[in-house]
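Breakdown of the fold
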Amino acid sequence: METLTPAMTPAQETRHPHTTSLRRGTLSAGFITLLVISAASPLSVVAGGFPIGMMLGNGAGTPVLVLVALGLLLMFATGYTAMATCVTSAGGFYAMVARGLGGRAGGAAAMVAVFGYVTLQFGLYGLLGAVASEALKAQFGLAVSWWACAFAAMASVAVFGYRQIDFSARVLAVFVVAEYLAVLALDVLILSKGGAHGIDAHSFSPEAFTSGNPFIGLLFCFAAFIGFEATTIYSEEAKDPKRSIPFATYAALLLVGGFYSFSLWCLVLGAGSDRVVAAITALADPTNLLYLLSDTYAGHGLTMLLRIMFIASIYAGLIAFHNSSARYFYAMGREGLMPARLGWTHARHRSPYVASVLQTVLSAVAVGLFALLGADPVLTQFAWLSNLATLCLLVLMIATAVAVVRFFRAESHGYGRLRIRVLPLLACAGLLVVLVLAVGNFHVLTGASRGISVALVITVPLAAAAGWLAASRLARRDPQRFAALGQDRS
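None of these values were measured; they are calculated from a predicted model.

Definitions and limits used
- Each chain carries its own residue numbering, running from 1 in the direction its sequence is written.
- Restriction of local features to residues with pLDDT of at least 70 applies here, the model being predicted, together with a cutoff of 80 or more for giving and counting side-chain atom pairs; totals for whole chains, interfaces and linings are based on all residues.
- Calculation of side-chain values draws on the structure's entire complement of heavy atoms; hydrogens and water are dropped beforehand.
- Helix and strand definitions here come from DSSP, where helices need a minimum of 4 consecutive H or I residues and strands a minimum of 2 consecutive E residues; each element is numbered from the N-terminal end.
- The size measure is the radius of gyration over C-alpha atoms, and the globule rule it meets is 2.2 Å times the number of residues to the 0.38 power.
- Per-residue accessibility, obtained with a 1.4 Å probe over protein chains only, is compared with the maximum for each type, and a residue is labelled buried under 20%, exposed over 50%, and partly exposed between these values.
- Whether two residues are in contact is decided by their heavy atoms: any pair within 4.5 Å suffices.
- To be clear on the numbers: accessible area is Shrake-Rupley with a 1.4 Å probe, and residue cover counts the displayed protein chains and nothing else.
- A residue counts as positive if it is Lys or Arg and as negative if it is Asp or Glu; His and the chain ends are not included.
- All charge positions are set by atom: Lys at NZ, Arg at CZ, Asp at CG, Glu at CD.
- In this description, a nonpolar core means a group of buried Ala, Val, Leu, Ile, Met, Phe, Trp, Tyr and Cys residues linked to one another through side-chain atoms lying within 4.5 Å.
- Here, a salt bridge means any Lys or Arg side-chain nitrogen found within 4 Å of an Asp or Glu carboxyl oxygen.
- For each structure, a 1 Å grid was placed over the protein atoms alone; sets of points admitting a 1.4 Å probe that cannot get out are labelled cavities, open sets with protein on both sides within 12 Å along at least five of seven lines are labelled pockets, and lining residues have an atom within 4 Å of a point.
- Grid points are joined across faces, edges and corners, and a volume is the space filled by probe spheres set on the points.
- Asp, Glu, Lys and Arg are counted as charged, while Ala, Val, Leu, Ile, Met, Phe, Trp, Tyr, Cys and Pro are counted as nonpolar; the rest, among them Gly, fall into the polar class.

**A look at the overall build of the protein**
Looking only at helices and strands, the protein features 20 helices and two strands. Here the protein has a C-alpha radius of gyration of 22 Å; the compact-globule value for 490 residues is 23 Å, and the two agree. Projecting the C-alpha coordinates of the protein onto the three principal axes gives extents of approximately 65 × 55 × 45 Å. Every one of the 490 residues in the protein was classed for burial, and the buried ones make up 60%. Within the protein, counting contacts between residues at least 6 apart in sequence, those at least 24 apart form 83% of the total. In the structure as shown, the protein presents an accessible area of about 18400 Å², 68% of it carried by carbon and sulfur atoms. For the protein, the distance from the average site of its 30 positive side-chain charges to the average site of its 20 negative ones is 11 Å.

So this is what it looks like as structure tokens:
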């Protein structure tokens, strides 16, 4: 078991500019929940992703699809949270897969996780840059390029990643509460005015569920939950991780899933259950649905607030995913899968500052390349990379579900068969179906050509292969460290 290093005096910090342990006992279950909800960026999903998902999927039936996705993720969470009480590591998925399926599989999972979180952050910078640039032009007449907005955001995100994690959590708490209140205010106004044609439950009928293409809609729903799994990444910094991590995981899933389903139902009522797809299709930009309904039911004031909160929601997601990516890099550096310096933490802040700096540099390079190539920051950078990250998450959850069953096969640790075997296997089967659908329809999700879609999909097994090779190399070079991959760090 790793012990907490005593705090250093200023003089000692000068002589020893880094440590190798994170700041312990910093995050409560509430703060971890806020970090995870911020990663899900609920307002940006409701305003940006779901209107497209409704248009391509099953329209008014999307609120039910959210509940289907939520149910499957809750089944996954039963085994995931059980194992989280036995494996306390900033490695998250990687640590669980390493403990359940072996070090080489753990190395593969670590690289897929890093690849997924990094690419998602690259995509979010494109979305934030485009939205912020448009807002500056519309409100102040300022012509600022999207990449300049992205770099400005990147500089401030780097500060949050460098400092103590509770500093980020407190800032994100403000963003999360504000965006929830803004959308819920619109929801209440739509309901109070009876929507377009009165209040109905058509969205929850079998007819609505099976209309259109529910399989495409289901993929958008799963993408909307990205980030919920990050609770375990903060286990080393949590207060009482064996209680706070399971609580935060379930709380995040239920809060985000409930918010999505309820708000989408209200949006459907606002546009009209029978013509919501037509209303979205008629818009030049489908993501303007939320603002159109806000103008109709609330007025320009709330619409302006929602536009501001939309940017804030993406920004909050960037902070959260920056922290997640940095902790994966940190865990891999600490355990020998990547250069050891990535496993250093700041002597005062106890943040994975080297890994954080690397994440910032990678983001700067990616944004710079997309800008130089003249790629569309939303239709290319965000659409391609966010969906690629969804594939990575699905692969990781499938591997983790199998790892849970293998881990508890020798000893149940007091958990029942339903929680550690039956539900994880059912979740694994369901997630495999979703993964097959996602791969088969990747060109629809991204809007890219089939050739580009295939090339993007192939990067996921390539990342896994790179991680497997890194772990194999560690096994030859240092068998003792290899044997300790994914071990408890509490």
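**Some details on the nonpolar core**
Grouped together as the largest cluster of nonpolar side chains are 165 residues, with contacts concentrated most on Phe76, Tyr94, Phe222, Phe225, Tyr260, Leu306 and Met397. In terms of residues, this core owes the most to one element, helix H14 (residues 300-334), which gives 18 residues.

**Side note on unusual backbone geometry**
Although it is not a glycine, His413 sits at a positive phi angle of roughly 55°. Looking at where His413 falls in the secondary structure, it is placed in the loop between helix H16 (377-410) and helix H17 (417-440). Taking the relative accessible area as the measure of exposure, His413 reaches 38% and is therefore partly exposed.

**Side note on the pattern of salt bridges**
One side chain can pair with another of opposite charge once the charged atoms of both are near each other. One pass over the structure, following the stated rule, counts one salt bridge. Between Arg334 and Glu335 there is a salt bridge whose closest N-O contact spans 3.8 Å. Neither Arg334 nor Glu335 differs from the other in exposure class; each is buried.

**Observations regarding empty space enclosed by the protein**
Considering all chains together, one arrives at two cavities of 30 Å³ or more under this definition. Considered as a void within the structure, the largest cavity measures approximately 80 Å³ in volume. For the largest cavity, the full set of lining residues is Phe93, Val112, Ala113, Gly116, Tyr117, Leu120, Ile226, Glu229, Ala389, Cys392, Leu393 and Leu396. Of all elements in the fold, only helix H6 (103-140) and H16 reach the threshold of two or more residues within the lining of the largest cavity. Here the lining of the largest cavity gets five residues from one element, more than from any other, and that element is H6. Taken together, the residues that form the lining of the largest cavity break down as 10 nonpolar, one polar and one charged. The computed volume of the second largest cavity comes to approximately 40 Å³. Around the second largest cavity sit Leu219, Phe220, Ala223, Asn387, Thr390, Leu394, Ala438 and Leu445, which together line it. Listing elements by their share of the lining of the second largest cavity, those giving two or more residues are helix H10 (214-224) and H16. Grouping the constituent residues of the lining of the second largest cavity by class yields six nonpolar, two polar and no charged.

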